[in-house]
Amino acid sequence: VENYLNPRVTLDGLHWYVSVGVEHPDDSVRVPTKDGIGIDLGIKELAVCSDGHTYGNINRTDRIKRLEKAKRRKQRQISRKYLMNKQGDKYVETKNIVKAELALLKLNHKLTNIRNDYIHKITTDIVKREPSFIVIEDLKVSGMLKNKHLSKAVQQQNFYKFREILTYKAERAGIKIIVADQFYPSSKTCSHCGAIKSDLKLSDRTFI
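On a predicted model such as this, the values are computed, not experimentally measured, just so you know.

Here is what the cut-offs are and how they apply
- Residues numbered from 1 in each chain as written.
- Predicted model: local features only at pLDDT ≥ 70, side-chain atom pairs only at ≥ 80, totals over all residues.
- Heavy atoms only, no water.
- 1 Å grid on protein atoms, 1.4 Å probe; cavity = no way out; pocket = protein on both sides within 12 Å on 5 of 7 lines; lining within 4 Å.
- Points joined across faces, edges and corners; volume = space filled by probe spheres on them.
- Helix = DSSP H or I, 4+ residues; strand = E, 2+ residues; numbered from the N terminus.
- Nonpolar A, V, L, I, M, F, W, Y, C, P; charged D, E, K, R; others polar.
- Pairing = 2+ DSSP bridges.
- Axes fitted to C-alpha atoms, helices over the stretch in contact; angles between N-to-C directions.
- Contact = heavy atoms within 4.5 Å.

(A) Region of interest: empty space enclosed by the protein. Enumeration according to the criterion identifies one cavity of 30 Å³ or more in this entry. Size it by volume and the largest cavity reaches roughly 40 Å³. Around the largest cavity sit Leu46, Ile58, Asn59, Arg115, Tyr118, Ile119, Gln156 and Gln157, which together line it. The element contributing the most residues to the lining of the largest cavity is helix 2 (residues 95-128), with three residues. Per-class residue counts for the lining of the largest cavity are four nonpolar, three polar and one charged.

(B) View of the sheet that holds strand 5 (residues 54-56). Pairing in this open sheet of five strands is mixed, and the strands run 5-4-3-8-9 from one edge to the other. Two strands close off the open sheet at either side, each with one partner strand: strand 5 and strand 9 (176-180). Averaged over all neighbouring strand pairs, the angle between strand axes comes to 20°, with direction disregarded. Sheet topology places strand 4 (residues 45-49) next to strand 5; three bridges connect them, and they run antiparallel. Paired with Ala47 across the bridge in strand 5 is Tyr55. Relative to strand 5, helix 2 is tilted by about 175°, and along the sheet it contacts strand 3 (37-41), strand 4, strand 5 and strand 8 (133-137). Along the sheet, helix 5 (residues 159-172) makes contact with strand 3, strand 4, strand 8 and strand 9, crossing strand 8 at roughly 165°.

Below, the structure is given as structure tokens:
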């Protein structure tokens, strides 16, 4: 018998959502027996898997670039409208400003939905290959965001969302998730002999 728990209604600024928790008995899950997969998350490519599959950075596609450009244009437009309607120390929110902000909100939602959809497709593809386990690095995203040259790219990649979605899909399929320590030198370690290249540079894409 399924139980429905904790219903709630939320507004994200544009759409209303109703979410309901459902309790149901665990179904028997077949444990996968294929080789495990290691996943390296990055900026140039979103995810590089040890089984040879690579998933590119969707933020470098023309579609996302056009939407980001439209978003910046709309932000500048709203800023100019506020300055034009400034009365003393107060900014007056006119009907045109409200309409422009709604259009900006729709653009933000569209970008978020495209990125989330891409992550869902990648994680589903990985889980469908039925590895016996998946290894993913414990990235310190807060530290990466401090780099002013990379912070925007890191934020757009949404590593936390990727790991969160991959984890629940893997657990549902009976696949074990292993989180590698963030200080483990995975990039500097040879996958064949185990030698560590301590002076590995960011520009070094291959070493022997």
